[in-house]
Each structure stands twice: as C-alpha cells, then as structure tokens.
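Examination of the molecular architecture
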Amino acid sequence: GIGFVVSKLSIDYLAPARLDDELVVITDLIELGRASLKLRQDVWRGPTLVAALLVTVAAIDIHGHVARLPKSLYNKLQG
C-alpha cells in the first residue's frame with residue numbers, strides 16, 4: 001500500500017558511459033527513517049566508477065501523502 005518518490009538527488013558524474021555500455025549499479029542504505037530512506041548508489045562500467053549518487057526517497061500512500069514504512073519492511077531494512 002505504499003510507493004516511493006525521490007525527494008532529493010545528488011549526482012557526481014565521474015566518467016562517460018555510452019548507450020551500449022554494460023553498467024552495474026550498487027546500492028547501499030545510508031540512513032533509515034520512519035518514512036524515508038537515504039541511499040548511496042555507485043554506477044560502474046567494469047572497474048571504472050561512472051557516477052556516484054546520493055538519493056533520498058520518501059514513502060507515500062495511494063493518495064500521495066507521506067506514509068510511514070510498514071513495520072515489516074522497516075525491520076528488514078534495519079538488518
């Protein structure tokens with residue numbers, strides 16, 4: 001019953017990537033709130049770091065209002 005929207009995004013472009021490049025995105029949870037997540041994403045092309053992102057996403061309900069993460073999801077994300 002919830003969705004996620006990006007509320008903040010910061011990108012450092014470090015190297016070029018081309019349309020046919022195979023890219024790998026590694027995502028780490030940096031901060032866990034009751035209604036939001038802060039993530040770090042690194043985009044790799046082989047051994048080359050192409051981009052580093054900091055992404056904050058907010059949980060929303062079906063009406064687009066901020067919603068708390070379900071307890072089961074929150075507990076899983078805590079590790």
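Refer to the preceding data block for the structure.
Our subject in this report is the structure included herewith. (Residues numbered from 1 in each chain as written. Predicted model: local features only at pLDDT ≥ 70, side-chain atom pairs only at ≥ 80, totals over all residues. Heavy atoms only, no water.)

Across its full length, the protein chain carries 1 helix and 4 strands. Reading the helices (α) and strands (β) of the protein chain from amino to carboxyl end gives β-β-β-β-α. The C-alpha atoms of the protein chain give a radius of gyration of 15 Å, which is well past the 12 Å a tight globule of 79 residues would have. Taken along its principal axes, the extent of the C-alpha atoms in the protein chain is 40 × 25 × 20 Å. The 79 residues of the protein chain split such that 25% are buried. (Helix = DSSP H or I, 4+ residues; strand = E, 2+ residues; numbered from the N terminus. Rg over C-alpha atoms; globule rule 2.2 N^0.38 Å. Buried < 20%, exposed > 50% of the residue type's maximum accessible area, 1.4 Å probe, protein only.)

What follows covers the sheet that holds strand β1 (residues 3–13). The 4 strands lie next to each other as β1-β4-β3-β2, forming an open sheet whose pairing is antiparallel. Only two strands of the sheet have a single neighbouring strand rather than two, namely β1 and β2 (24–32). Each strand axis lies, on average, 25° off the axis of its neighbour in the sheet, ignoring direction. Sheet topology places β1 next to strand β4 (residues 48–60); 10 bridges connect them, and they run antiparallel. By the bridge assignment for β4, Gly-3 is matched with Ile-60. Against the sheet, helix α1 (residues 71–78) contacts β1, β2 and β3 (36–45), and its axis sits at roughly 110° relative to β2. (Pairing = 2+ DSSP bridges. Axes fitted to C-alpha atoms, helices over the stretch in contact; angles between N-to-C directions. Contact = heavy atoms within 4.5 Å.)

This part covers a nonpolar patch on the surface. Where nonpolar side chains cluster on the molecular surface, the patch consists of Val-6, Leu-9, Ile-11 and Tyr-13 and spans about 430 Å² of accessible area. The residue Ile-11 is located in strand β1 in this model. Given the relative accessible area of 30%, Ile-11 is considered partly exposed. (Patch = residues over 30% accessible without salt bridge, like charges linked within 9 Å, V, L, I, M, F, W, Y side chains within 5 Å. Areas by Shrake-Rupley, 256 points an atom, 1.4 Å probe, with all protein chains shown as cover. Salt bridge = Lys/Arg side-chain N within 4 Å of Asp/Glu carboxyl O.)

These figures come from the coordinates and say nothing about function on their own.
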